[in-house]
Amino acid sequence: MKKRMMLCNIIIIVVGFVAAFLTATLLVQNQYEREFTRQLDTALAVLSTQIEDLEDPEKEASALGEALQEAGLPIRITILDEEGNVLGDSEGREITENHADRPEILQAREEGVGYDMRKSNSVGTQYYYEARHVGQYYLRAALPTGALEETIQQMWMDAGLGMLFGIVMVCMASSIFVTWISEPVKRMSVAARRLADGEFSIRVEGKFSYEFAELAQAFNQMADSTEHAVSLLKTKQEQLEGVLQGMNDGVLAVDEGGEVLFLNQSARKLLHCPSMQVGDHLEGSLLLTKVSALLQETICAGKPINDEWINLPEDKRYTVYAAPMEARPTGSALVVLSDVTHMRKMEQMRSEFVSNVTHELKTPLTSIRGSIELLKSADRDEETRRYFYDVLDIETDRLTHLIDDLLVLSQIENAKDDPSMRPCNVKEALEACVERAKSLGQENHVRMHIDADPELYVACTPTRLQQLFGNLIDNAVKYNVKDGSVFITAQRQRQTAVVRVKDTGIGIAKEHFPRLFERFYRVDTSRSREIGGTGLGLSIVKHLVALYGGEIGVESEPGKGTAFTICLPLAPKEKEK
């Protein structure tokens with residue numbers, strides 16, 4: 001821009017210089033010609049006054065020429081007759097050539113006065129001629145133009161040098177002026193490009209004059225507004241992306257060509273494609289192909305689609321919602337995937353829980369109601385009444401245990417921690433549980449053996465710790481064989497108390513392991529009911545272990561017995577010892 005401005009400015013000024021130079025030169029040249037004409041007019045006027053007394057043209061022409069020479073005017077005087085013959089010439093030369101065809105003579109014959117500039121054929125000198133027709137003569141005066149040509153040539157040379165000097169000065173001044181003009185524009189242009197490239201903090205700094213100051217201020221205000229708008233937009237975009245990335249639901253957007261426009265981390269996890277990025281295509285697995293087909297169907301239909309997918313890998317269940325993105329000019333769609341596997345399992349477990357509780361309550365209540373009706377229907381002997389009373393007592397006790405276990409399980413599930421826990425001796429808790437189970441062991445002919453480290457302490461509530469161990473020991477006795485054994489050990493491993501309850505009972509098949517700790521789940525339903533189990537014991541054990549930050553594992557082989565291993569962190573008091 002700077003070069004173009006300088007070039008245009010120089011061209012305009014040079015053209016003006018040339019025009020002024022040509023005009024001035026022509027004016028000066030015309031002025032010289034008028035001065036020559038005036039001098040010739042004067043000489044011819046003097047000669048015209050003497051034409052009536054003209055006796056010797058040669059002598060008169062010579063006399064007037066000498067007089068003019070003395071006056072400093074090198075004017076040549078020539079007198080001709082009407083036929084163009086030279087009668088006298090101030091140069092003193094004998095001229096025999098006829099001058100009737102000379103341009104100035106021809107013009108004087110027509111107009112009375114004639115002018116011409118040419119080289120004389122007679123004397124070989126360049127002259128400026130003026131001729132007048134006076135009476136029967138043609139009076140002609142001529143000035144040599146050599147001086148005029150030298151003057152004009154010198155004038156052209158001086159004017160050319162002046163013009164060249166002026167052009168140089170103009171170029172320098174133009175360069176300074178254009179630099180002064182273009183520098184603010186250049187700085188604003190650079191700032192505008194940087195702003196367009198995304199550098200929104202750029203500002204035009206410095207002092208400017210006149211309109212440039214207003215332009216710089218307007219640019220800075222525009223940059224402030226742009227930066228604020230972009231910052232606000234970026235903040236909202238980051239907030240939106242933060243919300244989408246923080247969602248448990250997977251969010252995925254694609255265009256009509258199947259190219260991914262956006263996806264969050266949950267979408268990568270749900271679709272089992274951790275390396276998928278924006279710009280990729282939905283391909284590489286049956287699940288991705290299924291999502292792609294749903295999105296294309298949504299784009300074609302132009303309306304939202306809701307669905308629930310089952311029989312997915314790892315027995316997953318997804319709810320999907322797909323809808324077209326109307327904000328984009330081209331076809332695109334958004335899908336939201338929600339993993340409802342856990343929720344459906346919880347719904348199923350809740351349904352099974354209600355069904356199991358209803359069944360567990362209905363069975364003893366049916367026995368109680370039947371016994372009462374039989375007692376009321378007729379008089380019974382003492383032995384029969386005692387039998388029904390025993391049934392009522394057993395079923396009532398069963399209901400009590402069931403309700404108590406349900407309350408305990410509910411309390412444990414809803415408790416995040418146990419504020420009343422304290423260091424408890426593991427061996428003492430195990431011995432107390434074995435003591436309570438002695439009668440049950442004697443009844444089932446099962447022997448119990450304890451090998452526990454007396455220095456093991458865990459942070460628990462004593463009653464809950466005994467409840468944890470008691471459930472495992474009771475199950476080991478109840479599901480044991482006649483003359484079987486239960487081996488209870490408690491040892492320290494690093495900072496953990498490891499308690500192992502192993503029996504020689506009927507054992508558990510491996511297919512029952514995944515559901516072993518579920519509520520009301522029984523491996524052997526008939527045997528469990530026969531021995532009065534509620535089906536909640538192992539579920540209580542599992543939740544108690546989790547409450548106190550421990551772990552539980554099971555090992556079993558049908559016909560050989562079962563071993564439950566519990567790992568509980570040692571109490572802080574024990575760690576300090």
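Residues numbered from 1 in each chain as written. Predicted model: local features only at pLDDT ≥ 70, side-chain atom pairs only at ≥ 80, totals over all residues. Heavy atoms only, no water.

### Examining the sheet that holds strand 6 (residues 250-255)
Short version of the rule: A pair of strands is labelled paired if DSSP reports no fewer than 2 bridges between them. Only DSSP runs of H or I reaching four residues or more are called helices, and only runs of E reaching two or more are called strands; each is numbered from the N terminus. The axes are straight lines fitted to the C-alpha atoms, using for helices just the contacting stretch, and the angles between their N-to-C directions are given from 0 to 180°. By the convention used here, residues are in contact when the closest approach between their heavy atoms is within 4.5 Å.
Sheet architecture is open: five strands sit in the order 7-6-10-9-8, paired in antiparallel fashion. Both outer strands of the open sheet, strand 7 (260-263) and strand 8 (305-309), are each paired with one neighbouring strand and no more. In this sheet, adjacent strand axes meet at a mean angle of 15° when their direction is disregarded. Running at roughly 135° to strand 10 (residues 332-339), helix 7 (residues 286-301) makes contact with strand 6, strand 8, strand 9 (318-324) and strand 10 of the sheet.

### A few points about the pairing of strand 5 (residues 137-144)
Heads up, the rule is: Note on exposure labels: buried denotes an accessible area under 20% of the residue type's maximum, exposed denotes more than 50%, and partly exposed covers the range between, all computed with a 1.4 Å probe on protein chains only.
Counting buried positions over the eight residues of strand 5 gives seven, a clear majority of the element. Here strand 1 (residues 76-81) runs beside strand 5; their pairing, made up of six bridges, is antiparallel. Along strand 5, the bridge assignment pairs Leu80 with Tyr138. Here strand 4 (residues 126-134) runs beside strand 5; their pairing, made up of eight bridges, is antiparallel. In the strand pairing of strand 5, His133 is matched with Tyr138. The antiparallel hairpin formed by strand 4 and strand 5 contains two residues in its connecting segment, where Gly135 sits at a positive phi of about 65°.

### Focus: the packing of aromatic side chains
Centre distance and the angle of the planes are the two values used to describe a pair of aromatic rings. Rule in force here: Pairing of aromatic rings covers Phe, Tyr and Trp, the last through its six-membered ring, and needs centres within 6.5 Å; plane angles under 30 degrees mean stacked, over 60 mean edge-to-face, and all others mean tilted. A ring has a charge above it when a Lys NZ or an Arg CZ is no more than 6 Å from the ring centre and no more than 35 degrees off the ring normal.
If you walk through the whole model with that rule in mind, you get three aromatic pairs. Measuring from centroid to centroid gives 5.8 Å for Tyr127 and Tyr129, while their planes differ by 50°, and the two rings are tilted. Both residues of the pair, Tyr127 and Tyr129, belong to the buried class. Aromatic pair Phe517 and Phe564: ring centres 6.4 Å apart, planes at 80°, arrangement edge-to-face. Note that Phe517 is positioned in the loop between strand 15 (496-503) and helix 13 (525-530) and Phe564 in strand 17 (residues 561-569), a separation of 47 residues in sequence. Each member of the pair, Phe517 as well as Phe564, carries the same accessibility label: buried. Over the face of the ring belonging to Tyr127 we find Arg76, whose NZ or CZ atom lies 5.5 Å from the ring centre. Stacked on the ring of Tyr129, the Lys or Arg Arg118 has its end atom at 4.3 Å from the ring centre.

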